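# Results of the structural survey
Residue-level listing of the chains:
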Amino acid sequence: MTPFRRLPPSRREAPETDLTQRTMPSIKVASLGLAALIVSLACLAGTPARATGLEEALRGLGSKSRKTILRSIKDLGRAGDPAALPALEALRDRKLRVDEQDRVLILADDGTLARDALTGEEVPVAGQRLRSPVINNRIRRTLLPVIARLQLSSPDPGVRLAAAKEMVKRPRSGAAGAIRSALETERDGKVRQALRLALALIEIDSPDPVRRISAVRTLGASANANVRARLARMLQTNESGEFTAEPDPEVRAAAAEALRSIDRRLALVSLARNLFYGVSLGSVLLLAALGLAITFGLMGVINMAHGEMLMLGAYATFLTQNLFRSYLPEWFDWYLVAAVPVAFGVSAVMGMVLERCILRHLYGRPLETLLATWGISLLLIQTVRLAFGAQNVEVANPAWLSGGAEVMQGFVLTYNRAAIVLFVFFAVALVWVLLRRTPLGLRVRAVTQNRSMAACMGVPVSRVDMWTFGLGSGIAGLGGVALSQIGNVGPELGQAYIVDSFMVVVLGGVGKIAGAVWGALCLGVVNKFLEPYTGAVLGKILVLVFIILFIQKRPQGMFALKGRTAEG
Amino acid sequence: MMGPWLDRLAAMHSRRGWLTTALVGAIGVIGVPALNIVPPPDTWLHIPDYVVMLLGKFLCYAMVALAMDLIWGFTGILSLGHGVFFALGGYAMGMHLMRAMAGEGVYRSQLPDFMVFLDWKELPWFWYGFDRFWFAMIMALAVPALLAYVFGYFAFRSRIKGVYFSIITQAMTYALMLLFFRNETGFGGNNGLTDFKRILGFSLQDPATKLGLYIVTAVCLLLTYLLCRYVVTSKLGRVLAAIRDAESRVMFSGYNPLHYKLFVWTLSAVLCGLAGALYVPQIGIINPSEMQPAGSIEMAIWVAVGGRGTLVGALTGAMLVNGIKSWFTVVFPELWLYVLGALFIGVTLFFPRGVVGFLQRFSKGGGSCTSNR
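The present account deals with the structure reproduced in this document.

Conventions and cut-offs
Counting starts from 1 at the beginning of each chain's written sequence and moves along it residue by residue. Just so you know, chain letters begin at A and ligand numbers begin at 1, following the order they were written in. Given that the model is predicted, a residue must reach a pLDDT of at least 70 before its local features are reported, and side-chain atom pairs must reach 80 or more before they are shown or counted; all residues, however, enter totals for whole chains, interfaces and linings. With hydrogens and water set aside, each side-chain value is computed from the structure's full complement of heavy atoms. Secondary structure elements follow DSSP: runs of H or I no shorter than four residues count as helices, runs of E no shorter than two count as strands, and numbering proceeds from the N terminus. Computation of the radius of gyration draws on C-alpha atoms, with the globule rule given as 2.2 Å multiplied by the number of residues to the power 0.38. Whether a residue is buried, partly exposed or exposed follows from its accessible area with a 1.4 Å probe, protein chains only, as a fraction of its type maximum: under 20%, in between, or over 50%, in that order. Only buried residues count toward a nonpolar core. Its members are Ala, Val, Leu, Ile, Met, Phe, Trp, Tyr and Cys residues joined through side-chain atoms within 4.5 Å. Whether two residues touch is decided by their heavy atoms; if any such pair falls within 4.5 Å, the residues are in contact. Patch rule: a residue counts if its relative accessible area is over 30% and it has no salt bridge; like charges are joined within 9 Å, and nonpolar side chains (Val, Leu, Ile, Met, Phe, Trp, Tyr) within 5 Å. Here, Shrake-Rupley sampling with a 1.4 Å probe gives the accessible areas, and only protein chains in the shown set may cover a residue. Within this document, salt bridges are pairs made up of a side-chain nitrogen of Lys or Arg and a carboxyl oxygen of Asp or Glu, the two lying within 4 Å of each other. Residues scored as charged are limited to Lys and Arg (positive) and Asp and Glu (negative), so that His and the chain ends carry no count. Lys charges are placed at NZ, Arg charges at CZ, Asp charges at CG and Glu charges at CD. Note that the arc is defined by the directions from the helix axis to the C-beta atoms. Note on method: axes are straight lines fitted to C-alpha atoms, helices fitted across the in-contact stretch only, with angles between N-to-C directions ranging 0 to 180 degrees. Here the angle decides the label: under 35 degrees means roughly parallel, over 145 means roughly antiparallel, 65 to 115 means roughly perpendicular, and every other value means oblique. Handedness of a crossing follows from how the near helix is turned relative to the far one, being left-handed for an anticlockwise turn of less than a right angle and right-handed for a clockwise one. All residues other than Ala, Val, Leu, Ile, Met, Phe, Trp, Tyr, Cys, Pro, Asp, Glu, Lys and Arg, Gly among them, are scored as polar; the first ten of these are nonpolar and the last four charged. Buried area: the accessible surface (1.4 Å probe) lost by two parts on joining, summed over both. Throughout this description, a polar contact denotes any pair of N or O atoms lying within 3.5 Å of each other; where both atoms belong to protein, one of them has to be capable of donating a hydrogen while the other can accept it, and for residues adjacent in sequence the pair is counted only when both atoms sit in side chains. Between 30 and 60 degrees the pair is tilted, below 30 it is stacked and above 60 it is edge-to-face, where a pair is any two Phe, Tyr or Trp rings, Trp via its six-membered ring, whose centres lie within 6.5 Å.

Our next topic: the overall build of chain B. Within chain B one finds 15 helices and four strands. The C-alpha radius of gyration of chain B comes to 21 Å, within 12% of the 21 Å expected for a compact globule of 373 residues. With the C-alpha coordinates aligned to their principal axes, the bounding extent of chain B is approximately 60 × 60 × 55 Å. The 373 residues of chain B split such that 53% are buried.

Encoded structure:
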């Protein structure tokens, strides 16, 4: 709700002049001088007369009859006085009340105070019997454009932009004058652009072909699907091929040109959107597959419970969130930062325990490992289900991750997905540094390349196995943190990713981190680009077929490996 | 000409083995139905109808376990896609049953109900012919065979083996499950095919029909067992075991493992298709959840629990695990997944040769159960 304000009278006159000009076209034709005289007369006479009109219309908003409400809204829109805005907005938000003395009140947010819509004085409303005017969709449809038109004179550019966009969505011929006058004073680039678009959408119906052409040209610069449909309608033909909607060939040519340019822009937007969603899907896959590339790729241990490590990470995030909510509510927005090490730790410890207790007895028997880890995944899923319930739990986005930035018209870069892409960079860097720049990494690589030789050189092989497995599982836990921000968190979260992440590792080639990175990005982008043409399911099948064919050509994946998993 | 062939058949088992097989077969095929019909319902000897139905279901699972054992226990290839072959056989049978009741559905249309619901005007081309029983039966075996052959050819040719093969088959299962979940695929989508009325003119609600289906299943299982036994005791079976134990050496000896693997893989898929086709009329529904990757992995655990590389082990395992499952999901439904998980871990860790291997430790050289190991 915008704060209640009364504009100085000088500002209030401006729309009035405009109104007079618009409503008296015949006078304008007859004589400019006469018109000017009448306009100035109207200005002089306007203030008192209109003030009562405004009062009456505002009172009408609280009427019991919907017809009166509708008429008052129209009157207020015609008057174009921003002073009526708070009342109109209150009506939209169901905050308008009428008390026993028939005063029209605007309820404040807390519900105990209200302000008189006419005088602006504060009225305590606790204990009073208030009636709220009933509005239906028809009223709403009239109300929204009127609010938008009034908001165009708001001092806040955000409000003006929203209002302009509303006008683009519902173009009304009556608003043309208001838009033109707003364009004269408007300084903000984005608002101007939206206003021009709105104006063009109105002028495209004008009887003057010159105006239509200029409107079509303006529209050609947008990338809006509605605008495209409007332009396409101009080129409609009937059965015999005659153009029914647009008589002027020049306008038609301009419309066709504008359509082509819109199509080009829409294609660009959809390309960018697919690319972004593809990369973000790829990042999610990569987070799931990165740990797998370590446990399966480097150690040769096939871990079907890997998906459950993701799930544990997501639940660790959920728990961290709840702890922050109850104990550190003022730091709540930063729970995610704390969740990262927590999730890593939970999954890593679980991984190390599993490696110690079960997996090490199965080394060299991969098929048995597969079955045993599947059993582990069943146990983990059922345990989580019994502990947290079978329903999905709610993990909230922190404030700094919700919303998004509109990069192009029709393409919103959502912050949570963008953050995941960044997070993946962090995770890959972490793995790279751990494997390449730390003593642990050195040992891991030594054990991978030649296990017995490494043992001879004094590397504690079995302890390195444990740490490696812990690292791989911990990375999966990080993936769980990321997944909790974009999807549902439930006991079966991991199951959905296990097939895909194995595909990533197989495609990328076992044993190489770079392979996992490229494999994940390829799969993600290819999936997203196939989706519009084939649907998600056929896309998945096509990708599978593609992987099988690819393995025919390069059995070792994109990046061949040398090490103990390579068959000697 | 018949002489050596009979000798060869007789050599499949020892004398004791044949006797045991005949005995178990007779109990399964004749004994159970007899106990269902002859004793009056309230005596302890009587086997109630629902147990017969349950046993019929288990026999289908046992057939799958045999197929699984053939490919995993004897050839060393762990398939996580056998649920697909099973479901495909089931769908072929289900399509026949749907066609057989044309005009009797809820909408009294010649089309299956779900097509009326989706507002389809005519039968899709792949539904043609399924109104004939023989055609549906051929399809129940041929479709899994074809899928297995094509998939196996590409996979084995590029020497995908071990866990890679398992993962790829699991991905296939997952993809096909998603495909069958779609309504547009034309197999009833999410709900699958259900609400069948009769098979070959016999009402499916009639206990006599159910008993008949059970007997047919038992006979098929017996024949399947003999076929598998024949395969694993033949020279082919020995090559398969060699492939399992040292594939490179088989290649160096001049054999091409591709054809052997492809044969046993396709045979295994066909047996699964048969099991699926027998399963659907007894259960009365087939839907894409039969294709869930988890289901296929469970099939592997039947074999592992019973004992890999022994056909008897596969049969025992399937019966045992499913028996436990039926009991647990009724009495302690929330504990069943724990039991299953523990089975997976315990068997692989402590009983790699399963129940049969465990028992063999006590009776050294035990007759009919031994594999060629």
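Back to the write-up after that little detour.
Within soluble globular proteins, side chains that are nonpolar tend to cluster in buried spots. Of all hydrophobic cores here, the largest spans 199 residues; its most connected members are Leu 78, Trp 127, Leu 193 and Trp 302 of chain B. Considering each element in turn, this core owes the most residues, 15 residues, to helix α3 (residues 49-73) of chain B. Residue contacts for Trp 127 of chain B: discarding those within four places in its chain leaves Met 95, Met 98, Arg 99, Pro 112, Phe 114, Met 115, Gly 186, Phe 187 and Leu 193 of chain B. Within the second largest apolar cluster, 35 residues are counted, among which are Ile 179, Leu 183, Ala 194 and Leu 197 of chain A.

What follows covers a positive patch on the surface. Residues and elements named next belong to chain A. A surface patch of like charges, here positive, comprises Lys 67, Lys 74, Arg 138, Arg 141 and Arg 172. Among the secondary structure elements, those contributing two or more residues to the positive patch are α4 (66-79) and α6 (137-151). Inspection of the secondary structure assignment puts Lys 74 in helix α4. Lys 74 gets classed as partly exposed once you look at its relative accessible area, which sits at 40%.

Turning to helix α17 (residues 439-449) of chain A, a few remarks are in order. Residue and element names in this part refer to chain A. Three or more residues of α17 are buried, namely Gly 441, Val 444, Val 447 and Thr 448. In a view along the axis of α17, the buried residues occupy a sector of 130°, so they form one face of it. Summarising the geometry of α17, the exposed residues directed more than 90 degrees from the buried face are Pro 439, Leu 442 and Gln 449.

Moving on, we get to the packing of helix α12 (residues 249-298) of chain A against helix α16 (residues 415-437) of chain A. All names here are of chain A. For the pair α12 and α16, interaxial distance at closest approach is 8 Å and the crossing angle is 25°. In terms of axis orientation, α12 runs roughly parallel to α16. Viewed along their axes, α12 and α16 form a crossing whose handedness is left-handed. Taking contact as the criterion, the partners of Phe 276, Tyr 277, Val 279, Ser 280, Ser 283, Val 284, Leu 286, Leu 287, Leu 290, Ile 294 and Leu 298 in α12 are, on α16, Arg 417, Ala 418, Ile 420, Val 421, Phe 423, Val 424, Ala 427, Val 428, Val 431 and Leu 435. Looking at the contact of α12 with α16, its residues break down into 18 nonpolar, two polar and one charged.

The next subject is the environment of Pro 209 of chain A. Residue and element names in this part refer to chain A. Note that Pro 209 resides in helix α10 (residues 209-220). By relative accessible area, Pro 209 is classed as partly exposed at 29%. In the structure, Pro 209 is positioned 27 residues away from Gln 236 in sequence and 17 Å away in space, judged by C-alpha atoms.

Let us now look at the interface of chain B and chain A. Across the boundary between the two partners, chain B contributes 40 residues, which contact 38 residues of chain A. Taken over both partners, the interface formed by chain B and chain A buries close to 3700 Å², and the fraction arising from carbon and sulfur atoms is 80%. Counting across the interface, chain B meets chain A through one salt bridge. For Glu 368 of chain A, the salt bridge goes to Arg 308 of chain B, with nearest N and O atoms at 3.0 Å. Applying the counting rule to chain B against chain A returns three residue pairs in polar contact (both at pLDDT 80 or more). Secondary structure elements with two or more residues in the side of chain B that touches chain A: α6 (133-157), α7 (162-181), α12 (293-306) and α14 (336-350) of chain B. Counting residues per element, the side of chain B that touches chain A draws most heavily on α7 of chain B, at 13 residues. Here the side of chain B that touches chain A is composed, by residue class, of 28 nonpolar, seven polar and five charged.

Here we take up the packing of aromatic side chains. Each aromatic ring pair is characterised by the separation of its centres together with the angle its planes make. Residues and elements named next belong to chain B. Tallied over the entire structure, the rule returns 32 aromatic pairs over all chains. Between Trp 125 and Phe 126, the aromatic rings sit 5.3 Å apart at their centres with planes inclined by 85°, giving edge-to-face as the arrangement. Residue classification places Trp 125 among the exposed residues on the basis of a relative accessible area of 67%. Assessed through its relative accessible area of 23%, Phe 126 is described here as partly exposed. A ring pair is formed by Phe 130 and Phe 135, whose centres lie 5.4 Å apart and whose planes are at 85°; its orientation type is edge-to-face. Relative accessible area serves as the criterion here: at 5%, Phe 130 is assigned to the buried category. A relative accessible area of 21% places Phe 135 in the partly exposed class.

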